[in-house]
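Structural characterization, general
One letter stands for each residue in the lines below.
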Amino acid sequence: MIRKVLLLWVLLLCCCHSNTFAQSSTFPYKIDWVKDGAITAGGIGATVVGSTLITNKPRLTEQDLASLSTDDVNRFDRFAAGNYSASAETASNIPFYGSFVAPLFLLLDQDVQHHAPEIYMMYGEAMSIAGGLYALTAGLIDRKRPNVYAEDAPLDARLHKYATNSFYAGHTAATASATFFVAKVFHDLNPDSPAAPYVWTAAAAVPVAVGYLRLKAGKHFLSDNILGYAIGTSIGILVPELHKHDSRLSLLPVRTGLYDGVAVVYSF
């Protein structure tokens with residue numbers, strides 16, 4: 001399956017490269033290596049803090065399982081309570097990891113080749129923000145995964161150390177961040193390309209597939225996936241947009257007493 005995902009991106013970008021890649025007269029992005037480096041470091045720092053919080057969360061016990069009821073799950077998500085599929089979980093990792101290398105195919109565009117450090121600085125920044133936000137959220141919020149309610153699932157799966165990390169869907173968010181980053185950069189460099197609808201469609205479809213498989217596997221509820229998809233899409237699109245020369249939006253690193261992070265600022 002990973003070959004199919006990667007082949008899709010290769011075919012799309014190869015077609016664009018051979019016929020439709022328009023060479024922009026000016027590179028649309030600006031990079032502040034100090035500020036962007038600080039934001040990326042802040043995202044990595046938030047990931048470390050969040051991972052520590054996740055590690056220190058109390059684990060479920062067999063007594064906890066005995067007291068579970070699907071009635072405790074909200075009606076919107078209740079249909080997924082009890083889902084479990086080890087094969088779906090394994091399958092979800094294929095497009096998930098495959099999406100991480102998708103931005104490499106942007107190198108087929110000569111503009112990207114000439115500005116690869118700037119493009120991949122933005123990509124690293126986007127993924128650090130996605131990772132930090134997920135890790136902090138999962139570390140601070142306890143929500144049992146759907147497979148915890150699956151009485152036919154192995155006990156070690158129901159009592160896994162990450163069994164309360166259902167909110168929100170990190171796989172879906174990270175995948176959407178990567179695929180929509182590719183689509184946004186492609187669009188900004190080639191605004192008139194006829195291949196753009198196919199690139200955007202692929203960007204949207206891959207995280208949907210990941211979300212579906214995570215839902216089927218019992219790793220996340222539907223609302224977890226919807227939120228993860230929305231967050232990942234926003235990050236993948238906003239980070240390149242925030243770096244455009246004519247953008248009124250900007251990212252600034254912020255520090256609180258608990259963790260480092262970023263703020264989006266709009267200039268009037």
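Residues numbered from 1 in each chain as written. Predicted model: local features only at pLDDT ≥ 70, side-chain atom pairs only at ≥ 80, totals over all residues. Heavy atoms only, no water.

Next up on the list: the pattern of salt bridges. With the rule as written, the count across this model stands at seven salt bridges. Linking Asp142 and Lys57 is a salt bridge whose minimum nitrogen-to-oxygen distance equals 3.1 Å. Pair noted here: Asp142 is in the loop between α6 (116-140) and α7 (155-158) and Lys57 is in the loop between α2 (33-55) and α3 (62-66), with a separation of 85 residues, a long-range link. For the salt bridge of Lys184 with Glu241, the shortest nitrogen-to-oxygen distance reads 2.8 Å. (Salt bridge = Lys/Arg side-chain N within 4 Å of Asp/Glu carboxyl O. Helix = DSSP H or I, 4+ residues; strand = E, 2+ residues; numbered from the N terminus.)

Take the environment of Gly170 next. Following the sequence through the fold, Gly170 ends up in helix α8 (residues 170-189). We classify Gly170 as buried; its relative accessible area is 14%. In the structure, Gly170 is positioned 58 residues away from Gly228 in sequence and 6.3 Å away in space, judged by C-alpha atoms. Every residue in contact with Gly170, bar those within four places of it in the chain, is listed here: Tyr134 and His220. (Buried < 20%, exposed > 50% of the residue type's maximum accessible area, 1.4 Å probe, protein only. Contact = heavy atoms within 4.5 Å.)

A word on the nonpolar core. Membership of the largest hydrophobic core comes to 38 residues, with the highest contact counts inside it found for Leu106, Ile119, Met122, Phe181, Val185 and Ile235. The set of elements that each furnish at least two residues to this core consists of α2, α6, α8, α9 (196-217) and α10 (222-242). Looking at this core element by element, the count peaks at eleven residues for α8. Beyond its immediate chain neighbours, meaning those up to four positions away, Ile119 contacts Phe27, Tyr29, Leu106, Val112, Phe181 and Val185. (Core = buried A, V, L, I, M, F, W, Y, C linked by side-chain atoms within 4.5 Å.)

Next up on the list: the confidence of the model for the chain. Mean pLDDT over the chain works out to 87, with 82% of the residues at or above the 70 mark. A low-confidence stretch, residues 1-24 (pLDDT under 50), is modelled with 53 contacts involving residues beyond four sequence positions or located in other chains. (pLDDT = per-residue confidence, 0-100.)

Here Phe167 and Tyr168 are connected by a cis peptide whose omega angle stands at -5 degrees. Relative to the helices and strands, Tyr168 is located in the loop between α7 and α8.

The subject of this paragraph is the packing of helix α4 (residues 86-101) against α9. In a pair of packed helices, the angle between the axes and the distance between the axes together describe the arrangement. Contact pair α4 / α9: the axes reach a minimum separation of 8 Å and the direction vectors enclose 160 degrees. Taken together, the axes of α4 and α9 are roughly antiparallel relative to one another. Crossing of α4 over α9 shows left-handed handedness. Of the residues in α9, those touching α4 at Ala88, Glu89, Ala91, Ser92, Asn93, Pro95 and Phe96 are Val206, Val210, Leu213, Arg214, Lys216 and Ala217. For the contact of α4 with α9, the class distribution of residues is eight nonpolar, two polar and three charged. (Axes fitted to C-alpha atoms, helices over the stretch in contact; angles between N-to-C directions. Parallel < 35°, antiparallel > 145°, perpendicular 65-115°, else oblique. Left-handed = near helix turned anticlockwise from the far one by under 90°. Nonpolar A, V, L, I, M, F, W, Y, C, P; charged D, E, K, R; others polar.)

Another point: the packing of aromatic side chains. A full pass over the atoms with the stated rule returns nine aromatic pairs. Between Tyr123 and Phe181, the aromatic rings sit 5.3 Å apart at their centres with planes inclined by 45 degrees, giving tilted as the arrangement. Separated by 58 residues along the polypeptide, Tyr123 in helix α6 and Phe181 in helix α8 bring together distant segments of the chain. Residues Tyr123 and Phe181 agree in their burial class; the two are buried. Aromatic side chains Phe180 and Trp200 sit 6.1 Å apart centroid to centroid with 50 degrees between the ring planes, which places their arrangement in the tilted category. (Phe/Tyr/Trp six-rings, centres within 6.5 Å; stacked < 30°, edge-to-face > 60°.)

Right, let's talk about a nonpolar patch on the surface for a bit. On the surface, Leu53, Leu140 and Ile141 cluster together into a nonpolar patch covering about 250 Å² of accessible area. Inspection of the secondary structure puts Leu53 in helix α2. Taking relative accessible area as the criterion, Leu53 reaches 31% and is therefore assigned partly exposed. (Patch = residues over 30% accessible without salt bridge, like charges linked within 9 Å, V, L, I, M, F, W, Y side chains within 5 Å. Areas by Shrake-Rupley, 256 points an atom, 1.4 Å probe, with all protein chains shown as cover.)

Turning to α6, a few remarks are in order. Under the 1.5 Å per step criterion, the end-to-end length of α6 is 36 Å for 25 residues, consistent within 8% with the ideal 36 Å. The element α6 is largely enclosed, with a buried count of 18 among its 25 residues. (Expected span 1.5 Å × (residues − 1).)

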